Amino acid sequence: MWIPTEHEKYGVVLASFRGTVQHGLPLEIGDTVQLLEKCEGWYRGFVHKNPNAKGIFPCTYIHLKNAHIKNKGQFETVIPTEDSVITEMTTTLRDWGAMWKRLYVVKTVQHTHKNEGDLFHRLWHVMNEILDLRRQVLVGHLTNDRMKDVKQHITARLDWGNEQLSLDLVPRREFSMVDPDEISVTELFKLMEHRHRKKETPVPASTHHLFVHMKSLMSSNLGEELEVFFHIYDGRENRPLSERFFVRLNKNGVPKSPEKTERQCTLFVDLGSSDLRKDVYIVVHIMRIGRMGAGEKKNLCSIQYRRPFGCAVVSIADLLTADSKDDHLLKVYACTTESEWYQIHENIIRKVNSRYNLSGSNTGLAVSLQLLHGDIEQLRREYMVLFTRGVSITKKLGFSDIIMPGEMRNDLYVTLEKGEFEKGGKSVARNVEITVYVLDIEGQVMKSYVAAGSGEPGGDEYHSFVLYHNNSPRWAEQIKLPIPVDMFRGSHVRFEFRHCSTKDKGEKKLFGYSFVHLMQEDGRTLPDGTHELIIHKCEENANLQDSSRYLKLPFSKANLPGNNQAVKGTKESFWITSFLCSTKLTQNGDMLDLLKWRAHPEKINDSLSKLKEIDGSEIVKFLQDTLDTLFGILDESSQRYGLKVFDCLVHIINLLQDSKFQHFKPVMDTYIESHFAGALSYRDLIKVLKWYVDRIVDAEHQDHIQQVLKATEYIFKYIIQSRRLFALATGGQSEEEFRCCVHELFMSIRFFLSQENKITSPVTQTQAVFLRTFPAVYGELLKIFTVREVAGFVRETLGSLPATAHAECPLEAVKLHCIAKTVESQLYTNPESRCILLPVVLRLLQAHMQEQRDLVMCARILTSMLSLIRKDDSVTTPVVSEEVDLIVDSLLVVLMRTILEITNRPQPAGTNMRLQFQDITGEFVACLLALLRQMSDKHYQQLLQTFTSKDDLRDFLLQIFTVFRILIRPEMFPKDWTVMRLVTNNVIITTVLYLSDALRKNFLNEKFDYKVWDSYFYLSVIFINQPCLQLESFSPSKRKRVLEKYGDMRVMMGCEIFSMWQNLGEHKLNFIPAMIGPFLEVTLVPQPDLRNVMIPIFHDMMDWEQRRSGNFKQVEAKLIDKLDSLMSEGKGDETYRELFNSILLKKIERETWRESGVSLIATVTRLMERLLDYRDCMKLGEVDGKKIGCTVSLLNFYKTELNKEEMYIRYIHKLYELHLKAQNYTEASYTLLLYDELLEWSDRPLREFLNYPMQSEWQRKEYLHLTIVQNFDRGKCWENGIILCRELADQYESYYDYRNLSKMRMMEASLYDKIMDQQRLEPEFFRVGFYGKKFPFFLRNKEFVCRGHDYERLEAFQQRMLNEFPHAIAMQHVNQPDQTIYQAEAQYLQIYAVGPIPESQDVLQRDGVPDNIKSFYKVNHIWRFRYDRPFHKGTKDKENEFKSLWVERTTLTLVQSLPGISRWFEVEKRELVEVSPLENAIEVIENKNLQLRTLIAQCQSRQMQNINPLTMCLNGVIDAAVNGGLARYQEAFFVKDYIVNHPEDGEKIGRLRELMFEQAHILEYGLAVHEKFVPQDMRPLHKKLVDQFHVMKSSLGIQEFPAYVRASPVHFTNGSPRSSCRNSVPNIISPDGARVVARRSPLTYPAVNRYSSSSLSSQASNEVSNITGQSESSDEVFNMQPSPSTSSLSSNHSASPNVTSSAPSSARGSPQLQDKHKHSRENSCLSSRERPVSAIYPNPLDPAQRATPHQIGDTTLPRSDPNLSAPDKVRTTFSSRSLDSVKEVNNTQFSDTVGKLLCPPVPPRPPYSGSSAKTMRSQSPLPTSRSPQKSSLPPFTPSPTECQSAGLVSNSPVLSGSYSSGISSMSRCSVSEASGTEATTGDHPAHQGPTMPNSVSSGSDELIRRENKTPPPYSVYERSNPRRPVPLPHSLSIPPSVDPPALPPKPHQLRTSSMKLVPTSDPRRADGVPHVPRPRPLPRKVSQL
């Protein structure tokens, strides 16, 4: 049975539990769980990180912890009872753990910066440290001090990690987290600020230390031991600042005692900040220990001397910029003359190069130097290793900047300066060495008290270095004598002088001595300074044994009596400098006289007077003795010396105010508490103090009185302590007398304070001095008087100050400072005294804040006042409630006004001032929050009642709402102050809830005030949108903490907004549409409850707007405008879209305006879909098709559905940038053209917009034109650029701007050059289907055609698409998917290649147009694409599969042509037709004939480098025919059964027979050409081909060619095929793409003869030589043009060109295809089931081709070609871009029943009886089952000379319809299907004539040909500038001697464009249409941007 747990409430998971049992709860190790119930070894509960999931788990997996429970019951909260630091560590480490893992992922996946990798490792290290410290705390074995240290380390590391991870700053007090509810807001602010300051600006240390580690000396000429001395030297004052640090080196230049680190390392301590400057140096002197001369022989002398070696110098300033611990190699210099040694360092510093030089090129001193900061105790903690390992301390000469009490020091420093010696009878100067001894009072040498420096222990004696032959040596060597204080008296120092001989003996001979006493007889020590000592002669050491002999002698020349001139006159002298640094000894006689006042009472007056002249350091040394002396004198002679003692006491007290001695204040405090014994002193002190105060007003000089008042604090301390001692001794006698004295004193003080004086008056300054010290007296007074009494003193004293003071008076600031000290004092903390003092404080504070004076101090006072009030005190304590009432009444309004004024001021420039400025803003804000938090219902009611008029209340509400908006600003607090922000928001929402009642009661209905309500709503919206309230962005633990403490404040505020909105009634109209945007922003916050509350407001708005204006256009416009900007900022999601839709649809169900409402909601919802897709796409890194497609979708939506021009233009430019980034330059041009189209060539000024400056419309359009041309150039779309160049040139010409006109013409010419000279690649096209609900909206369940990149084949394209959509599944078939795929929650991609159907047939069919021009029109401005799928219908004949081989042809029509503003466009229309086997056979043979013609023509014109393609093509056709290729067609279609069963196919059968004969004819001519060019090694193959050709002819039953073949010999008049072309009959073009051709033989062949191979080849070669020698372009003979191919082989002998060539080779290799489909050649013989059923073989043919389908090239048609042998079928590889692919032709309409067809141009032929050209004119419609897409248009047959050039007709969607000039109307024009009627424009009738002339004269044809310079058909032709229409040329020549039959004229299919093209009048034109001048562009709607 499950029992609720009582004590077992909280636990930690010890091991992971999978939770596989029923109701099991999975647990991870380390999770914390809350336990609810227990049953037989199992617990039931939940994990804290997911409290909603409850389950069971074993007890053994849980470690229980003690916890206490809040709100016991269903909603209880369990908090572990452990140290708060432990709790914080645990939660913080959990949060860090998750972030640390993310850091790892970022580091490894994205290969980010080094910093992030470093953070990963550093955080790992810190987490381990914290865990280790946590263990130490949990064990509980630490001492209190150690525990404090550990917690400090923990919190420091926690703060560091939080800062690095951008987490919140945690407010702490004594290492524990602070609950913001437990302290006042002002306290919280101070804690946060303190932690923030500590983090941001560490306080600069005032004390610094230099760490030195001597490593080694590197030199080539060592060999002697060395001594190295370091000291710090002041280059400005030329004196040492520190002792010396001494290191001994061995002969190798390394320290002698490497194991003793204290001998190598030192710390130069107590350097002040002033010592860290450039002219302070580290000076190193090096001495060698050895022979006198460095080069002397060893055996000359055994005695060693100290001799100069070298010196090095480095500036301390260099260390400030260096890394933390750098090794330095110092250069070592030597003196040029030894006598200069004493100042070598000065010479080096001053760079006197002549006096020193490098001691050796490779000599260097290796030392480690590091500057450390902080006091020495701090260093001991931070650098523990340093001190435990051992480091010597090198002290400063003299005391540090701050003298600490208790510091013990007694060091005498003696510097051996110089000496003057006589020669002593020698011819050369002496080598003098000094030996120094310290001797005690008994004359004994004191052991170990002579130190050369720190680092080495002291010795008994010290030997100076020796200067060679120098009688005036200068040493400047400093030694330290650390003699104990008690041994100073009677001690002396003796200096012995010896001459060091360099002779063999090398002895040191004594010749004199000097000495000096350390202490004088009166107790004073040796004075600091230089002393000239007498050198006493002495040659025997024995004479110095008894010191008493010489101590009676004079030692200093300064002390000699005047009559002793003999000694004074001696030349020999020795100078030393002494300096005493002692805390116990003094050199001051006056000090000693005062301390010994009882011995010399007559000197008391002088001693007291001289006390002020004594150095402060001497006074503090003897502070207690001095004070005892003063109070002793006061007790014994108060009448006589009372005033002087008081003055001395004031001097000492004020001395302790000095920063140098301030640390001695505790010493004085201790003295007063423990040692002071003057029980009677208080009377004298009060008396003297009152005497001074009474004389203030009258005194002329206030300086001394001010000094007295500065000491008031300590004077009162002495008075109170004295009185306490007296009361203790006497049992409280004279109490009334004392009180009376104090009252009188305060009366005197109040009197002098009440004086009003001039600002500069000395009395005013004295008042200020007193006010500064007065608050310090309160605490002393409280020791004797009650709280109320002291508060009374203070109130009366402060109240006596003059009220009307000038603002600039310095006393005002001091008054405020005094108030601040009062509020911060112990006195004010007591509630009893507060109620007395508060009115005085508030009065002064209010006055200052109203005048905006001394705001920093005001903030400080207010902070202190409010810090004393806890959160709930005002509710529970009446006294506190009254205080809050007083403060609210006095300061609330002033405080808000102050915040407003501060925040509206410009911030000061200086950093410090700016910091201070921010601080006071924050402090005032904290004060306001603290005050508002203390206010209860009662306070709010009282506050609102104080406003007597509506206007006052209105002003107050506006003011407080404005202040709240300021408080919400992100910059109000640092970004990591989340705790402070949450408290702020909690206070704001509480206050707003109180004030909203006042708003409702006072400002509704007839009293409605828009401004107040608007301010309220604006505040509410900003409140909800704050980043710090967006809980979704928080970690789970942080979110849980916030919700537990405050709830979701956004929802609370949202409910309040809704409630207030409902109260507005008809006043809601005032906020429509202004509040739509703000409320929309609120609803986008991802909080479901908030959305449910706020979305219905939009329904309300729609309703009220409908009532007002009958529609809600305003609501719609505002919603749409705001949605774009908000969603682009990352707001909103799919859930919001669904919620918005469902809530509003439900709301408007019963409205009368439901229909228009549904429309609006649908529009907004669709916009959201697109915006969400756009935002998701933009998050991706690289530019891909998804981004571009999404932008296009959104751009079109804004244009077509929303009519938002500005948004449309913005997205045009976004799309443009995307294209540029992806290097889609052509698409970028088309995109920018959309904006260009909105502008006119006018001078209208345009405002600054996007990146465009303010300029005229003409200038902007010019700039756009130039940019577009540049991009068309980069995209190799030069034809399009030419049009824009022409338009710009026209503009320049109209303005006579010939300079720019010239440039434009040159640019246009350069583009023409590029068309002719540069190669362009033809892209592949791919159809892509996106199926499934997981695709973005703009792709979902749609199909597109995409223009591939250069060189991109199907496999590469498929891979790219799968990379863009990594979750997509590639479909393995090409059938249309069913509904299950459409509705699937997945992504399916269906990709295959398609072929383009070009629109510009006139250019492609025109003779003489170069390939590089034609190739442009083959793949540009393409609207339609197709692919074919072969299949078998009915029973398949295994013997001859061609009988049942049908083709399913699909044509896709796009919404826009490619290329355009995107690389892909959606398929608008899909058409499906079936091609019969017979039609299929006709197309196959036509394509093969076309391919043969093309190759032959290329060979003749020598375009072909290699004849192999022609060889292979001939071989493929002839060999296949021999093996039964064409015979299969004969068997299938020429048999009697087929003709009987299909009587309607008679014409087609005839056509097939004709094509077969034609193929034989072409082959015969091709063999003749082949023979001419075939290389010698291929001759046998050629012979074989000729033989096989005869076999083929025989198999076809051709004995001689039919008459219609023989009747059309091609005569090349004038030796050129071009001349014969002039007489050619134009091609007959069907408008739907089928080409019907007059049956003419392509070449002239002898008709009757049957040739042997040799005669054929020789005769044919004669014909060929005739042609090839004169032909300019054989294209005009055959009208054949190759296209670039990746494989000429595959195109030249592909097997069945229709079947196998339908898809690119990549389709066969596609991983989506089964193996049996990989090679289409294998499919020709498969059954209909086995064969792949869809357009794996796409074919660019028109969809409705049914009657006589003509194929353009074999590579794009799925056919089975019988003209291939089996080996060829296997061998051939198909290429998606082969030579014969995509031969486009013009469109001709056969009849209203004929499907759309395309075929290549063929030479004209005479008609024959069974020609389809005749029969199809009257043919009835085909059966529906076979032709689902039919044309119902009547035939249109104008004469060819009157036809307009299709090249001038727009085929591009970009500028036609909605994407061209139609943009100007901002609505989408429909693009009608191409039809014959579309061409019926102007005066052209529908039928201009059934026949055409038999021939056309050569002359007129020449004129027409010259006229036909057809520009490219291209989208920018649809601009408003009309171009001259040009008639199409005749495609083939017709021999003049033959009368061709009448053929229907060729109509032209025109797309609708924005401008009808006007034909140009020309005398050479046959029709003579008059010339119409080019009109100005028609006016359009023009962009205002």
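Caption draft 1: The overall build of the chain, seen in detail. Of regular secondary structure, the chain possesses 68 helices and 42 strands. For the chain, with 1985 residues in total, the buried portion stands at 58%. Excluding contacts between residues fewer than 6 apart, the proportion of contacts in the chain whose partners are at least 24 apart in sequence is 76%. Accessible area for the chain stands at about 82,500 Å²; split by element, carbon and sulfur atoms hold 51% of it.

Caption draft 2: Broad picture of the packing of aromatic side chains. Here the structure, examined in full by the defined rule, presents 75 aromatic pairs. Ring geometry for tryptophan 691 against tyrosine 692: centres 5.1 Å apart, planes inclined by 70 degrees, an arrangement best described as edge-to-face. Overall, tryptophan 691 belongs to the partly exposed group, its relative accessible area being 35%. Relative accessible area serves as the criterion here: at 7%, tyrosine 692 is assigned to the buried category. Seen from their ring centres, phenylalanine 1326 and phenylalanine 1357 are 4.4 Å apart, and the 10 degrees between their planes marks the pair as stacked. Of this pair, phenylalanine 1326 sits in strand E34 (residues 1325-1331) while phenylalanine 1357 sits in helix H49 (residues 1354-1364), and the two are 31 residues apart along the sequence. Each member of the pair phenylalanine 1326 and phenylalanine 1357 is classed as buried. Members of the aromatic cluster, joined through ring pairs, are Tyr682, Phe716, Phe726, Phe738, Phe746, Phe752, Phe770, Phe774, Tyr778, Phe785 and Phe793. The positively charged end of lysine 1038 is found above the aromatic ring belonging to phenylalanine 1034, 4.0 Å away from the centroid. The lysine or arginine in question, lysine 1261, covers the ring of tryptophan 1241, its NZ or CZ lying 5.5 Å from the ring centre.

Caption draft 3: Geometry of the sheet that holds strand E30 (residues 536-537). Across the sheet, which stays open at both edges, the five strands sit in the order E25-E24-E27-E28-E30 with antiparallel pairing between neighbours. In this open sheet, the two strands that pair with only one neighbour each are strand E25 (461-463) and E30. Judged from the three bridges that link them, strand E24 (residues 432-439) and E25 form a sheet pairing that is antiparallel. Counted as the bridge partner of valine 436 is tyrosine 462 from E25.

Caption draft 4: Representation of the environment of proline 258 in the model. Inspection of the secondary structure puts proline 258 in the loop between strand E14 (245-249) and strand E15 (265-272). Between the C-alpha atom of proline 258 and that of lysine 215, which follows or precedes it by 43 residues, the distance is 9.6 Å.

Caption draft 5: Examining the nonpolar core more closely. Counting residues in each nonpolar core, the largest one holds 308 residues, and the members touching the most others are Tyr718, Met865, Phe1017 and Phe1079. With near-sequence residues (within four places) excluded, methionine 865 lies in contact with Val823, Tyr828, Leu838, Val841, Leu842, Leu845 and Ile887. In this structure, Leu416, Leu481, Phe488 and Phe574 belong to the second largest nonpolar core, which totals 55 residues.

Caption draft 6: Spatial organisation of the packing of helix H43 (residues 1185-1201) against helix H44 (residues 1205-1221). The interhelical angle for the contact between H43 and H44, taken along N-to-C directions, is 165 degrees, at an axis separation of 9 Å. Taken together, H43 and H44 sit at an angle that is classed as roughly antiparallel. Where H43 crosses over H44, the two elements pack in a sense that is left-handed. From H43, Lys1187, Ile1188, Thr1191, Val1192, Leu1194, Leu1195, Tyr1198 and Lys1199 reach across to H44, where they touch Met1207, Tyr1208, Tyr1211, Ile1212, Leu1215, Leu1218 and His1219. A per-class count over the contact of H43 with H44 returns 11 nonpolar, two polar and two charged.

Caption draft 7: Region of interest: the pairing of E24. Extensive coverage of E24 is indicated by the burial of eight of its eight residues. By the alternation rule, side chains of E24 split into Val432, Ile434, Val436 and Val438 and Glu433, Thr435, Tyr437 and Leu439, which are all buried. As paired elements, E24 and strand E27 (residues 492-500) share eight bridges and run antiparallel to each other. Residue pairing across strands places valine 438 opposite valine 493, the latter belonging to E27.

Here is what the cut-offs are and how they apply
- Residues numbered from 1 in each chain as written.
- Predicted model: local features only at pLDDT ≥ 70, side-chain atom pairs only at ≥ 80, totals over all residues.
- Heavy atoms only, no water.
- Helix = DSSP H or I, 4+ residues; strand = E, 2+ residues; numbered from the N terminus.
- Buried < 20%, exposed > 50% of the residue type's maximum accessible area, 1.4 Å probe, protein only.
- Contact = heavy atoms within 4.5 Å.
- Areas by Shrake-Rupley, 256 points an atom, 1.4 Å probe, with all protein chains shown as cover.
- Phe/Tyr/Trp six-rings, centres within 6.5 Å; stacked < 30°, edge-to-face > 60°.
- Lys NZ or Arg CZ within 6 Å of the ring centre and 35° of its normal.
- Pairing = 2+ DSSP bridges.
- Core = buried A, V, L, I, M, F, W, Y, C linked by side-chain atoms within 4.5 Å.
- Axes fitted to C-alpha atoms, helices over the stretch in contact; angles between N-to-C directions.
- Parallel < 35°, antiparallel > 145°, perpendicular 65-115°, else oblique.
- Left-handed = near helix turned anticlockwise from the far one by under 90°.
- Nonpolar A, V, L, I, M, F, W, Y, C, P; charged D, E, K, R; others polar.

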